[in-house]
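Overview (structure and organization)
Spelled out from the first residue to the last, the chains are:
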Amino acid sequence: MPQTDQNNSDQPDLARVRAIYSMPDRVAASDFFCREVSQRMVERLDLLKFVPESVLDVGCGTGMDLPVLQERYPQSRVIGLDASPQRLALANKPISGSFLARIAARLHPVDQTTQHLLCGDFSSMPLASQSLDMLWSNLALHWHGHSETVFAEWRRVLRVNGLLMFSCFGPDTFKQIRQAFAVVDAYPHTLAFADMHDLGDRLLASGFTTPVVDMEMLTLTYESPERLLQDARAFGGNPLPNRQRGLFGRRAWTRVLSKLESFRRGDGRIPLTMEVVYGHAFKPAQKTGNAGETTVNFVPRK
């Protein structure tokens, strides 16, 4: 039986998430990582012979994946949806993104005279049922506390045989930060990211067929603990409702930095683990299995 998400105190405060992402400059430093994961997701599309008429980028942010998707599917209508009006406003300027996005934007500019950008919540989207062929979501799912609700909504808007492809953070993401802050208090300082097996179960419970879920560990490295924490803040910081609210004293802060220093490797760099979970699944036609059985495929680590 699939596990449900944890209690509300362990889930992100959606109002806090929206407030953080209403300040695009605060999170801009994490764009490089989103672009890297986007490229890896595009490579996974090479394994799928799928040509959609319409594509929705859920959690499109400033729109840097929109020209990439338009380049991949030049005959498709590409739509972006995000909960932050401030970030969507910047999606009118995709040419400011990465080199790949800038080239794609020049080849296939997003036409802002038609409704290609929507503002809305992941779990209640302003779209008709069965109106899309493909749903793409890059490092956005973990910002919503109830992934099974989100998956059910994503299934609703997909047509039969429609494709869902997503990425999100897995449980080992920011593990060095959790260990560092554990030396000074018992408050949670990062989200409790879902395991890929739980996500696979939730996809099945939401009505998707034969989902494929895999993960990989990526490591960022830093010259100083201060820079590491600065980047972690750019990834969205800590939006938990039960987060530590007060300021750290000098002694406690020194202990956190000292613990991060203890992770310094032989090459002089401090690592920060990023576990990225990738998943794709199709929306099946309504039918009953032979014995009520369902299948989920997990790709082993290489």
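As a reminder, the structure under discussion sits directly above these lines.
Let me sum up the structure you'll find in this document. (Residues numbered from 1 in each chain as written. Predicted model: local features only at pLDDT ≥ 70, side-chain atom pairs only at ≥ 80, totals over all residues. Heavy atoms only, no water.)

Structural notes on the nonpolar core
In this structure, Phe33 and Met274 are the most contacted members of the largest nonpolar core, which totals 51 residues. Among the elements that line this core, the one with the most residues is helix H3 (residues 31-45), at six residues. With near-sequence residues (within four places) excluded, Phe33 lies in contact with Leu139, Phe169, Leu218, Leu220, Phe235, Met274 and Val276. With 28 residues, the next largest nonpolar core counts Leu127, Ala140, Trp154 and Phe208 among its residues. (Core = buried A, V, L, I, M, F, W, Y, C linked by side-chain atoms within 4.5 Å. Buried < 20%, exposed > 50% of the residue type's maximum accessible area, 1.4 Å probe, protein only. Helix = DSSP H or I, 4+ residues; strand = E, 2+ residues; numbered from the N terminus. Contact = heavy atoms within 4.5 Å.)

A word on the pattern of salt bridges
Taken as a whole and assessed by the stated rule, the structure comprises twelve salt bridges. Across the pair Arg35 and Asp65 runs a salt bridge whose closest N-O atoms are separated by 2.5 Å. In this pair, Arg35 is assigned in helix H3 and Asp65 in the loop between strand S1 (54-58) and helix H4 (66-72), connecting sequence segments 30 residues apart. Asp65 shares its class with Arg35; the two are buried. Within this structure, Glu36, Arg40 and Glu216 form a network of salt bridges that share partners. (Salt bridge = Lys/Arg side-chain N within 4 Å of Asp/Glu carboxyl O.)

Side note on the packing of aromatic side chains
Throughout the structure, instances matching the rule amount to twelve aromatic pairs. Arranged with centres 6.3 Å apart and planes meeting at 75°, the rings of Phe32 and Phe33 form a pair that is edge-to-face. We classify Phe33 as buried; its relative accessible area is 2%. Consider the rings of Phe50 and Phe282, whose centres lie 5.9 Å apart with planes at 65°: the pair is edge-to-face. With Phe50 in the loop between H3 and S1 and Phe282 in strand S7 (residues 270-282), this residue pair connects regions lying 232 residues apart in the sequence. The rings of Phe32, Phe33, Phe169, Phe174, Phe193 and Phe235 are connected pair by pair, giving a single aromatic cluster. Over the ring of Tyr278 we find Arg44; its NZ or CZ atom is 3.6 Å from the centre of that ring. (Phe/Tyr/Trp six-rings, centres within 6.5 Å; stacked < 30°, edge-to-face > 60°. Lys NZ or Arg CZ within 6 Å of the ring centre and 35° of its normal.)

Some thoughts on helix H11 (residues 250-261)
Look at H11: 16 Å from first C-alpha to last across twelve residues, which is about the 16 Å you get at 1.5 Å a residue. Along H11, the residues that are buried comprise Val256, Leu257 and Leu260. Along the long axis of H11, the arc covered by the buried residues comes to 95°, so they all point the same way. Contact partners of the buried residues in H11: helix H8 (175-181), helix H10 (225-234) and S7. (Expected span 1.5 Å × (residues − 1). Arc of directions from axis to C-beta.)

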